[in-house]
Amino acid sequence: MFDDIERVLITEDQLQARIVEVAGEMNAVYSDDEPPILVCILKGAFMFLADLSRNLTFRHEVDFMEISSYGSGTTSSGAVRILLDLATDIEGRHVVIVEDIVDTGHTLTYILRNFSSRNPASVRVATLLNKPSRREVDVPVNYVGFEIPNEFVLGYGLDYAQQYRNVPYIGVLKPEIYEQKL
Ligand code: PRP
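Bear in mind that the values here come from a model prediction, so they are computed numbers and not experimental data.

**Student:** Run through the overall build of the chain, naming residues and quoting values.
**Tutor:** Each helix and strand counted, the chain has 4 helices and 9 strands in total. Starting at the N terminus and ending at the C terminus, the chain contains elements arranged as β-α-β-α-β-β-β-α-β-β-β-β-α. For the chain, whose C-alpha radius of gyration is 16 Å, the value lies close to the compact-globule estimate of 16 Å for 182 residues. On the principal axes, the C-alpha backbone points of the chain span a range of 50 × 35 × 25 Å. The buried share among the 182 residues of the chain stands at 47%. Roughly 8,900 Å² of accessible area belongs to the chain as shown, and the carbon and sulfur atoms make up 47% of that amount.

**Student:** Can you explain the packing of aromatic side chains? Please cite residues and give values.
**Tutor:** Evaluated as defined, the whole model comprises 5 aromatic pairs. An angle of 85 degrees between the planes, with centres 5.5 Å apart, marks the rings of Phe 152 and Tyr 160 as edge-to-face. Owing to a relative accessible area of 10%, Tyr 160 belongs among the buried residues under this scheme. Pairwise contacts between aromatic rings join Phe 152, Tyr 160, Tyr 164 and Tyr 178 into one cluster.

**Student:** Explain the pairing of strand S7 (residues 143-147) to me, using residue names and the numbers behind them.
**Tutor:** The element S7 is extensively covered by neighbouring structure, given that 4 of its 5 residues are classed as buried. Relative to S7, strand S6 (residues 122-130) is paired through 4 bridges, and the arrangement is parallel. Across the sheet, the residue bridging to Asn 130 is Glu 147, located in S7.

**Student:** Before we move on, can you summarise the nonpolar core with the specific residues and values?
**Tutor:** By size, the foremost hydrophobic cluster in this structure holds 29 residues, and its most contacted members are Met 26, Leu 52, Leu 128, Leu 129 and Ile 170. Elements with a contribution of two residues or more to this core: helix H1 (12-27), strand S2 (37-42), helix H2 (46-54), strand S5 (94-102), S6, S7 and strand S9 (170-173). Tallying contributions element by element places H1 first for this core, with 5 residues.

**Student:** Account for the sheet that holds S9, with residues named and values stated.
**Tutor:** The strand order S1-S9-S8 describes an open sheet built from 3 strands, whose pairing is antiparallel. Lying at the two open borders of the sheet, with one neighbouring strand each, are strand S1 (5-10) and strand S8 (153-154).

Parameters and conventions
- Residues numbered from 1 in each chain as written.
- Predicted model: local features only at pLDDT ≥ 70, side-chain atom pairs only at ≥ 80, totals over all residues.
- Heavy atoms only, no water.
- Helix = DSSP H or I, 4+ residues; strand = E, 2+ residues; numbered from the N terminus.
- Rg over C-alpha atoms; globule rule 2.2 N^0.38 Å.
- Buried < 20%, exposed > 50% of the residue type's maximum accessible area, 1.4 Å probe, protein only.
- Areas by Shrake-Rupley, 256 points an atom, 1.4 Å probe, with all protein chains shown as cover.
- Phe/Tyr/Trp six-rings, centres within 6.5 Å; stacked < 30°, edge-to-face > 60°.
- Pairing = 2+ DSSP bridges.
- Core = buried A, V, L, I, M, F, W, Y, C linked by side-chain atoms within 4.5 Å.

Laid out in structure tokens, this is it:
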């Protein structure tokens, strides 16, 4: 598995240090008075959610949602659909969407539009990674771990062909690994 990785982009220590900082930003905003719901967007955000949640000092709930983008390979198209919906009614609740990466912005745009029809008290977005150079639609992102260049990243929850999610750091895949499948 590790032979397929060209280099480390963000180390485990860098991830943990930055997540503590992002959690600190959220700890300054949210409180036990109105516990928010953290919505983990599966599958990629599961590790970020786990480490972020552990560093939050206010009471909160977690819920999960899975979205599928049509299209294949390493890019996403504009069309998305819900594979797994929330178990929680978010009406009147404060919501934090937890993403692993915002790329074109289509997935997040869909989720934000979908959530707004459920009348939450507020919706904010936390993403571990942000690729602003790839943006096709403008989306608000409140908490960003790292801005990264347009490279094929994996690990710490992010996959290539559903694998490599267990790599403990953010790495860059060797081009020959995905080029041979294109
Ligand atoms: C990734 C990521 C975001 C989305 C971002 O999910 O987790 O949800 O793509 O891309 P966009 O900004 O271009 O819409 P993916 O479809 O790879 O699913 P996964 O998290 O299950 O791997």
